[in-house]
Amino acid sequence: MNGLLEAEEQDQRPEQELTRSWGHRPRSTLVRAKTMAPPPPPLAASTPLLHGEFGSYPARGPRFALTLTSQALHIQRLRPKPEARPRGGLVPLAEVSGCCTLRSRSPSDSAAYFCIYTYPRSRRGSRRRTTRTFRTDGATTYEENRAEAQRWATALTCLLRGLPLPGDGEITPDLLPRPPRLLLLVNPFGGRGLAWQWCKNYVLPMISEAGLSFNLIQTERQNHARELVQGLSLSEWDGIVTVSGDGLLHEVLNGLLDRPDWEEAVKMPVGILPCGSGNALAGAVNQHGGFEPALGLDLLLNCSLLLCRGGGHPLDLLSVTLASGSRCFSFLSVAWGFVSDVDIQSERFRALGSARFTLGTVLGLATLHTYRGRLSYLPATVEPTSPTPVHSLPRAKSELTLTPDPAPPMAHSPLHRSVSDLPLPLPQPALASPGSPEPLPILSLNGGGPELAGDWGGAGDAPLSPDPLLSSPPGSPKTALHSPVAEGAPVIPPSSGLPPPTPDARVAASTCGLPDHLLPPLGTPLPPDWVTLEGDFVLMLAISPSHLGADLVAAPHARFDDGLVHLCWVRSGISRAALLRLFLAMERGSQFSLGCPQLGYAAARAFRLEPLTPRGVLTVDGEQVEYGPLQAQMHPGLGTLLTGPPGCPGREP
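On a predicted model such as this, the values are computed, not experimentally measured, just so you know.

Calculation notes
Residues numbered from 1 in each chain as written. Predicted model: local features only at pLDDT ≥ 70, side-chain atom pairs only at ≥ 80, totals over all residues. Heavy atoms only, no water. Helix = DSSP H or I, 4+ residues; strand = E, 2+ residues; numbered from the N terminus. Buried < 20%, exposed > 50% of the residue type's maximum accessible area, 1.4 Å probe, protein only. Core = buried A, V, L, I, M, F, W, Y, C linked by side-chain atoms within 4.5 Å. Contact = heavy atoms within 4.5 Å. Salt bridge = Lys/Arg side-chain N within 4 Å of Asp/Glu carboxyl O. Expected span 1.5 Å × (residues − 1). Bend = angle between axes of the 7 residues up to and from the residue. pLDDT = per-residue confidence, 0-100. 1 Å grid on protein atoms, 1.4 Å probe; cavity = no way out; pocket = protein on both sides within 12 Å on 5 of 7 lines; lining within 4 Å. Points joined across faces, edges and corners; volume = space filled by probe spheres on them. Axes fitted to C-alpha atoms, helices over the stretch in contact; angles between N-to-C directions. Parallel < 35°, antiparallel > 145°, perpendicular 65-115°, else oblique. Left-handed = near helix turned anticlockwise from the far one by under 90°. Nonpolar A, V, L, I, M, F, W, Y, C, P; charged D, E, K, R; others polar. Pairing = 2+ DSSP bridges. Phe/Tyr/Trp six-rings, centres within 6.5 Å; stacked < 30°, edge-to-face > 60°. Disulfide = S-S within 2.5 Å.

*Asks:* Teacher, can you tell me more about the overall build of the chain here?
*Replies:* Along its length, the chain carries eleven helices and 24 strands. By residue count, 58% of the 653 residues in the chain fall in the buried class.

In structure tokens form, the structure reads like this:
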């Protein structure tokens with residue numbers, strides 16, 4: 001019989017063998033992008049995949065029955081008395097970051113263990129870290145028990161990653177590809193300056209639990225991330241993840257598109273873990289994953305869980321040509337008027353975090369301005385139906401293109417010398433064996449402890465602690481020992497080969513050779529199939545994803561790959577109270593149901609904005625750009641965004 005040790009511990013972890021649970025990506029980023037399609041259709045939620053009886057530690061404790069399905073791990077106590085309503089008996093896989101296999105320090109203990117790391121919601125709604133460790137002792141030898149523990153851990157990992165399980169029931173660690181390599185870029189000044197602390201305390205532990213391999217760099221100045229990605233050897237990485245607000249991802253994408261090999265470089269999967277002020281893209285990722293709206297740390301944990309699950313999604317990018325002829329690429333928005341005024345003028349309140357926008361909005365309402373301008377756009381070819389009442393939107397055909405229906409749910413090479421590894425010391429619990437009360441030594445997953453002899457995610461996996469009975473196969477990758485992580489930022493050595501520092505600047509121009517075939521030269525007449533609006537505006541917003549902020553849904557039915565830029569504008573004549581109601585309704589995405597006559601919307605493939613007011617503020621992805629005429633074209637699915645698996649909106653476990 002198998003045995004189960006169920007322990008709920010916070011911020012602790014036992015001696016372990018790493019479970020590598022992200023799928024390995026091909027070296028070619030183009031092929032990599034194709035393999036990051038949505039996972040195969042899930043099995044029926046109630047179909048049992050594994051079932052077994054387990055005991056507890058110490059041996060005189062209760063016994064349990066475990067059942068693994070495609071959606072959850074079910075735990076039921078069997079002895080001494082079955083529970084009619086077991087507490088904590090259902091562990092949804094959506095709350096699991098990863099798993100690992102364990103062994104006791106005592107040589108006389110033949111049991112094996114596997115541990116899952118979960119982040120359930122507390123009664124107050126916030127997530128907290130919990131570990132559940134299962135003891136496998138149904139066989140007489142450790143090797144047999146370890147094989148059974150790995151069978152469960154492998155099956156769980158395959159479910160988390162969307163990997164198919166074999167039909168013949170033969171589940172071994174050979175099913176798991178080698179782990180990916182992620183480059184984490186952290187802006188320590190993001191949000192209220194908590195990005196570095198949150199990264200150390202929450203992000204790094206969680207992605208280590210998932211078995212993800214990573215390097216980390218703290219950015220030191222504006223456009224630092226852009227310079228870094230321009231010089232990377234992309235074949236050594238499976239994804240670039242920014243730990244900051246939206247601005248850092250803007251730098252990364254534009255840096256990839258500035259490379260000579262931009263056509264392949266832009267397919268490098270990118271992700272975002274929100275530690276900034278606005279966190280708009282993270283809000284859209286959170287919604288795509290099926291989670292309830294969240295802010296702050298809860299949003300970060302949700303997005304980290306989705307990152308651990310793996311999986312990418314095509315990402316539309318907007319090519320923006322400015323008055324000077326320079327060009328940059330946007331994944332989020334182009335704003336003029338009230339939105340851009342609040343964004344830039346609230347910079348002085350950055351220490352307040354996301355509250356800076358609330359204060360900026362109040363101040364902006366007090367000094368509400370109007371701007372005269374001309375907005376022209378190429379309407380979307382097909383006008384999809386809108387789930388909102390038609391009377392809620394302006395009826396003028398020139399100002400109306402209905403919103404689309406929501407989409408249905410749907411081993412690495414040697415490190416580049418310009419990036420140094422950041423080790424991660426993780427406190428771990430003492431897993432005492434039945435024969436000895438002596439605790440295990442404190443180990444580090446990424447350094448400060450015994451050398452990791454091999455990846456257990458591949459064939460011939462080896463334990464973290466020395467085991468004379470097991471050895472890594474020839475050619476297994478070795479993970480070098482590292483010193484514990486320092487409190488400060490990682491230091492890049494002088495010989496790193498990074499580009500020299502450049503002075504801080506606003507959004508830099510892109511040198512990408514991608515043509516904008518829908519746009520005539522700026523300043524020349526537009527084709528006759530374009531629609532033009534001219535007048536006095538309070539704001540104009542061109543947005544790609546659904547969210548303008550973590551809690552602001554500007555385009556409720558927008559998708560990452562719908563190929564559309566969603567144009568929203570508010571004409572002059574709106575009262576301050578009505579404008580405030582629009583933004584309050586935007587928290588639920590219901591602003592178009594208010595029937596505000598000054599609010600307009602159109603779905604477009606390209607647009608041109610010509611401010612006729614001599615002074616004003618224009619922003620691209622929240623960053624100020626030169627003021628003057630600009631035009632933009634949407635390039636569908638140009639990039640790849642790490643989103644995790646899609647969820648059912650509004651239905652969170």
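*Asks:* For this particular structure, what's the right way to read the nonpolar core?
*Replies:* In globular proteins that are soluble, nonpolar side chains generally tend to be buried together. Counting 69 residues, the largest nonpolar core has Leu185, Ile207, Ile240, Val252 and Leu256 as the members making the most contacts within it. Every residue in contact with Val252, bar those within four places of it in the chain, is listed here: Leu185, Ala225, Val229, Ile240, Thr242 and Val270. Core analysis: the next-biggest nonpolar cluster, separate from the first, contains 28 residues, Leu564, Ala578, Phe583 and Tyr601 among them.

*Asks:* I would appreciate a short explanation of the pattern of salt bridges in the present structure.
*Replies:* For side chains bearing opposite charge, pairing can occur when the charged atoms are close. Across all of its chains, the model carries 13 salt bridges by this definition. Across the pair Arg327 and Asp516 runs a salt bridge, and its minimum N-O distance is 3.1 Å. If you follow the salt bridges from partner to partner, you end up with Arg372, Arg374, Glu534, Asp536 and Glu610 in one network.

*Asks:* Hey, could you run me through helix α3 (residues 195-209) in this one?
*Replies:* Residue pairs spaced three or four apart in an α-helix point in one direction, given the helix's 3.6 residues per turn. Its 15 residues give α3 an end-to-end C-alpha distance of 20 Å, which sits within 8% of 21 Å, the value for a rise of 1.5 Å per residue. At Val203, α3 is deflected by roughly 35°, the largest bend along its length, and proline Pro205 occurs up to four residues later in sequence. Of all 15 residues that make up α3, twelve are buried, and the element is covered over most of its length. Within the span of α3, buried status applies to Ala195, Trp196, Trp198, Cys199, Lys200, Val203, Leu204, Pro205, Met206, Ile207, Ser208 and Glu209.

*Asks:* I tried to follow the confidence of the model for the chain on my own but got confused; where do I start?
*Replies:* The predicted structure's coordinates, where accompanied by low pLDDT, should not be read in detail. The pLDDT averaged across the chain works out to 75; a share of 68% of its residues lies at or above 70. Per-element averaging of pLDDT across the chain places strand β1 (residues 16-18) at the bottom with 36 and strand β21 (residues 599-611) at the top with 97. In this model, residues 23-40 is a region of pLDDT below 50 whose contacts with residues beyond four sequence positions or in other chains number 45 contacts. Overall, residues 383-505 carries pLDDT values under 50, and its contacts beyond four positions in sequence, including any with other chains, amount to 275 contacts.

*Asks:* Looking at this structure, how should I read empty space enclosed by the protein?
*Replies:* Left-over empty space is what a probe sized like a water molecule reveals as it rolls over the atoms. Approximately 130 Å³ is the volume found for the largest cavity. Forming the walls of the largest cavity are 13 residues, and the residues nearest its centre are Leu539, Cys568, Val570, Met586 and Leu599. Sorting the residues of the lining of the largest cavity by element identifies β17 (531-543), β20 (565-571) and α11 (576-586) as the ones contributing at least two each. The element best represented in the lining of the largest cavity is α11, accounting for four residues.

*Asks:* Mind showing me how you'd approach the packing of helix α7 (residues 280-288) against helix α8 (residues 296-309) here?
*Replies:* When two helices pack together, their arrangement is given by the angle between the helix axes and the distance between those axes. Where α7 meets α8, the closest approach of the two axes is 10 Å, and the angle between their N-to-C directions is 60°. For the element pair α7 / α8, the angle class is oblique. Note that α7 runs across α8; the crossing there is left-handed. On α8, the residues that touch Ala282, Gly283, Val285 and Asn286 of α7 are Leu299, Asn302, Cys303 and Leu306. Looking at side-chain class alone, the contact of α7 with α8 contains five nonpolar, three polar and no charged residues.

*Asks:* Can you walk me through the environment of Leu519 in this structure?
*Replies:* One can find Leu519 in the loop between β16 (371-379) and β17. Once the C-alpha coordinates of Leu519 and Phe607 are considered, the two residues, 88 residues apart in sequence, prove to be 8.4 Å apart. Excluding its chain neighbours within four sequence positions, the residues that come into contact with Leu519 are Trp530, Ala606, Phe607, Gln631, Ala632 and Gln633.

*Asks:* Sorry if this is basic, but what is going on with the pairing of strand β12 (residues 270-274) here?
*Replies:* In regular strands, side chains alternate between the two faces of the sheet. For β12, a buried count of five out of five residues is recorded, marking the element as mostly surrounded by other parts of the structure. Two strands pair when backbone bridges link them, and strand β11 (residues 239-244) and β12 are joined in this way by five bridges, in the parallel orientation. Of the residues in β12, the one forming a bridge with Ile240 is Val270.

*Asks:* Is there a simple way to explain the sheet that holds strand β4 (residues 72-79) in this structure?
*Replies:* Each strand in a sheet pairs with its neighbour through backbone hydrogen bonds, running either in the same direction (parallel) or in the opposite one (antiparallel). Sheet architecture is open: four strands sit in the order β2-β3-β4-β5, paired in antiparallel fashion. Unpaired on one side and paired on the other, β2 (50-54) and β5 (90-92) mark the two borders of the sheet. Each strand axis lies, on average, 15° off the axis of its neighbour in the sheet, ignoring direction.

*Asks:* Is there a simple way to think about the packing of aromatic side chains in this case?
*Replies:* What the rule picks out here adds up to eight aromatic pairs. Between Trp336 and Phe537 the ring centres are 6.4 Å apart and the planes differ by 55°, which places this aromatic pair in the tilted class. With relative accessibility at 1%, the residue Trp336 sits in the buried group. Given a relative accessible area of 1%, Phe537 falls into the buried group.

*Asks:* Sorry, what's going on with the environment of Leu378 here?
*Replies:* Of note, Leu378 is situated in strand β16. Among all residues touching Leu378, those that are not within four sequence positions of it are Leu518, Asp529, Trp530, Ala604, Arg605 and Ala606.

*Asks:* Would you take a moment to explain the state of the cysteines for this structure?
*Replies:* As used in these notes, a disulfide is a covalent bond between sulfur atoms, one from each of two cysteines. Enumeration according to the criterion identifies zero disulfides in this entry. Free of any disulfide, Cys99 has its nearest cysteine sulfur in Cys100, 7.1 Å distant.

*Asks:* Can you walk me through the packing of α3 against α8 in this structure?
*Replies:* Axis separation between α3 and α8 bottoms out at 9 Å; the angle between their running directions is 25°. Classified by the angle between their axes, α3 and α8 sit roughly parallel to one another. As for how α3 packs across α8, the hand of that crossing is right-handed. Packed against α3, whose contacting residues are Trp198, Tyr202, Val203, Met206 and Ile207, the element α8 presents Gly296, Leu297, Leu300, Leu301, Ser304, Leu305, Leu307 and Cys308 at the interface.

*Asks:* Where do I start with the pairing of β21 in this structure?
*Replies:* Of all 13 residues that make up β21, twelve are buried, and the element is covered over most of its length. Pairing geometry for β16 and β21, over seven bridges, is antiparallel. Each bridged residue has a counterpart across the sheet, and for Leu375 the counterpart in β21 is Leu609. Two strands pair when backbone bridges link them, and β20 and β21 are joined in this way by six bridges, in the antiparallel orientation. Bridging from a neighbouring strand, Val570 pairs with Leu599 of β21. With four bridges joining them, β21 and strand β24 (residues 630-642) adopt antiparallel strand pairing. Within β24, the residue paired with Ala606 across the bridge is Gln633.

*Asks:* Hey, could you run me through unusual backbone geometry in this one?
*Replies:* Of all residues except glycine, most have a negative phi; of all peptide bonds, most are trans. Of note, Asn223 is a non-glycine position whose phi angle comes to about 70°, a positive value. Inspection of the secondary structure assignment puts Asn223 in the loop between β10 (213-218) and α4 (224-230). Judged by its relative accessible area of 9%, Asn223 falls in the buried class. Phi at Asp621 is positive, roughly 55°, even though this residue is not glycine. Inspection of the secondary structure assignment puts Asp621 in the loop between β22 (618-620) and β23 (623-625).

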